[in-house]
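Chain by chain, the residues:
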Amino acid sequence: MSELLDRHRAVLPAWLALYYDSPLELVSGKGCRVQDADGVSYLDFFGGILTNMLGYDIPEVRQAVEQRLRTGVVHTSTLYLIRSQVELAEKVARISGIPDAKVFFTNSGTEANETALLLATHARRSDQVLALRNSYHGRSYAATAVTGNRSWKNSSLSPLNVHYLHGTDRERFPRLSESEYRRFCVEDLRSCLATATATDVACLLVEPIQGVGGFTAAPDGLLREFKQVLDEYGILLISDEVQTGWGRTGETFWGIQAHGVTPDAMTFAKGLGNGLAIGGVVARGDLLDGLPANGISTFGGNPLSTAAASATLDYLLDHDLQANAHRLGGKLISGLRAATEKLSVAGAVRGKGLMFALDLVDPDSGRPSPALAAAALEETRKRRLLIGKGGLYGNTLRMAPPLTLSEGEAEEGLSALVGALEAVDRAQA
Ligand code: PLP
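Worth saying up front: this structure is predicted, and the values here are computed from it rather than measured. Here the residue index of a chain counts from 1 through its sequence in written order. In keeping with the model being predicted, local features are shown solely for residues with a pLDDT of at least 70 and side-chain atom pairs are shown and tallied solely at 80 or more, while totals for entire chains, interfaces and linings include all residues.

Considering helix α12 (residues 370–382)
Okay, step 1: Secondary structure counts use DSSP, requiring at least four H or I residues in a row for a helix and at least two E residues in a row for a strand, with both numbered from the N terminus. A helix's residues, less one, multiplied by 1.5 Å, set its expected span. For α12, spanning 13 residues, the distance from its first C-alpha to its last is 19 Å, which sits close to the expected 18 Å at 1.5 Å a residue.
Okay, step 2: Throughout, a residue-residue contact means that the two C-beta atoms, derived from backbone geometry, are no farther apart than 7 Å. Lining the buried residues of α12 we find β14 (355–360), β15 (385–386), β16 (388–390), β17 (396–399) and α13 (407–428).
Okay, step 3: Following α12 by one or two positions, Arg384 adopts a phi angle in the positive range, close to 60°.

The following block contains the structure:
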């Protein structure tokens, strides 16, 4: 493994994040488990990186891909009609809840957000964009520009004029009640529009639950209150559902539905191809049709990815995995809260459905501790459990298992996670 790591370091950028002191090479998977090159099996509580929404080697998805491979026509061009692209677009448009929706497929979440920003800035003839503090929207120039998390920003240059809003940082204002915090956020939006922007604003781009940011969320309903203000100005609301879509949050199919509001557009990626690269924008048809130039994305909507995605979506809906996320997520979140109450290294537990997180804090100061989060990640690995890490201060453990998780796997994962946290806690005593 160290040989592969050396080769990796020699030819890939230094900033390309790798988990663990001694990074893993995963070579196979089945259900919610993956195996590394040494034959060690792990329960994957991060679903790849929320990419393997159904887990690994799902026969229905594999067959859809194999069938396409057998035709020999893996990718001629999106200049020709592609049945699976049309079928997938029909399904996504229907379940989006956006009236008269159309869909444009991309290869990643970054490109999906690029497209959404293009639509909004063109429709509104404005380069002004609102985003939330601590957001993450991808790695391109414009997506980085709307990312409100310093550790993910590589450039201080920006093609957009971006203003960051409060909305997901309630923990920083402990003295405010929830309703006071909501009033503060709406006032912050109004004051931003009155003071920071000289011209019209194109859109507000939000993650209903911030993924990379550590699963921090706006209080339910706040985005509806935001939308009422945005509507006064004709500003578009775009929901980045790259992590929160497809029923992961349990209560609702799209994260933003928890706010009782329909956005003008949503972006998606990660889990839809169950491992194959696909992303996209679903938006009001007039917005998508409104771009003036002809265009294609060479690989966006390609036959292989759309076949995998269509089979993934059918599986998800047929097995009502949103309900599974709701049921098991509720148990996992309350179980984690109860088990970590007395641990001095454990801070806040938050999340919804199968998207939940825990902050690691220094027992003496109570301050965020990225070092303890790194130690906890190593401890979970020792217990054959894969999870994620992130957060504004790098001290958040993130869990997002495949939506096919079973009750037994949920218990196994929780017990390994708690065991890891207890080990970190003991080491601090
Ligand atoms: N938006 C959100 C909410 C994300 O979490 C990510 C990736 O983590 C992206 C956009 C970017 O997606 P991609 O890495 O597929 O470009």
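As for the pairing of strand β10 (residues 236–240)
Okay, step 1: The element β10 is extensively covered by neighbouring structure, given that five of its five residues are classed as buried.
Okay, step 2: Neither face of β10 is exposed, since Leu236, Ile238 and Asp240 on one face and Leu237 and Ser239 on the opposite face are all buried.
Okay, step 3: Strand pairing is assigned whenever DSSP detects at least two bridges linking the two strands. In this sheet, β10 lies alongside strand β7 (residues 203–206) in parallel orientation, the contact comprising four bridges. Residue pairing in the sheet places Cys203 in a bridge with Leu236 of β10. Neighbour density around each residue's C-beta defines its exposure: 20 or more other C-beta atoms within 10 Å make it buried, 12 or fewer make it exposed, and counts between make it partly exposed, where C-beta atoms are placed from the backbone.

Digging into the sheet that holds β17
Okay, step 1: Ordered in space as β13-β14-β17-β16, the four strands form an open sheet in which the pairing is antiparallel. Strand pairing shows two members of the sheet lacking a second neighbour, β13 (346–352) and β16, which therefore form its edges. Averaged over neighbouring strand pairs, the angle between their axes works out to 25° when direction is ignored.
Okay, step 2: Of the strands in this sheet, β13 and β14 touch helix α11 (residues 321–340), which is tilted by about 170° from β13. Axes here mean lines fitted to C-alpha atoms, for a helix over just the part in contact, with angles spanning 0 to 180 degrees between N-to-C directions.

What about the pairing of β17?
Okay, step 1: Residues of β17 alternate between two faces, with Thr396 and Arg398 on one and Leu397 and Met399 on the opposite face, all of them buried.
Okay, step 2: As paired strands, β14 and β17 are joined by four bridges and run antiparallel to one another. Looking across to β17, one finds that Phe356 is bridged to Met399.
Okay, step 3: With three bridges connecting them, β16 and β17 associate as antiparallel partners. The residue bridging Gly388 from the neighbouring strand is Arg398, located in β17.
Okay, step 4: Counting the residues between successive antiparallel strands, the hairpin from β16 to β17 contains five residues, one of them, Gly391, with a positive phi of roughly 95°.

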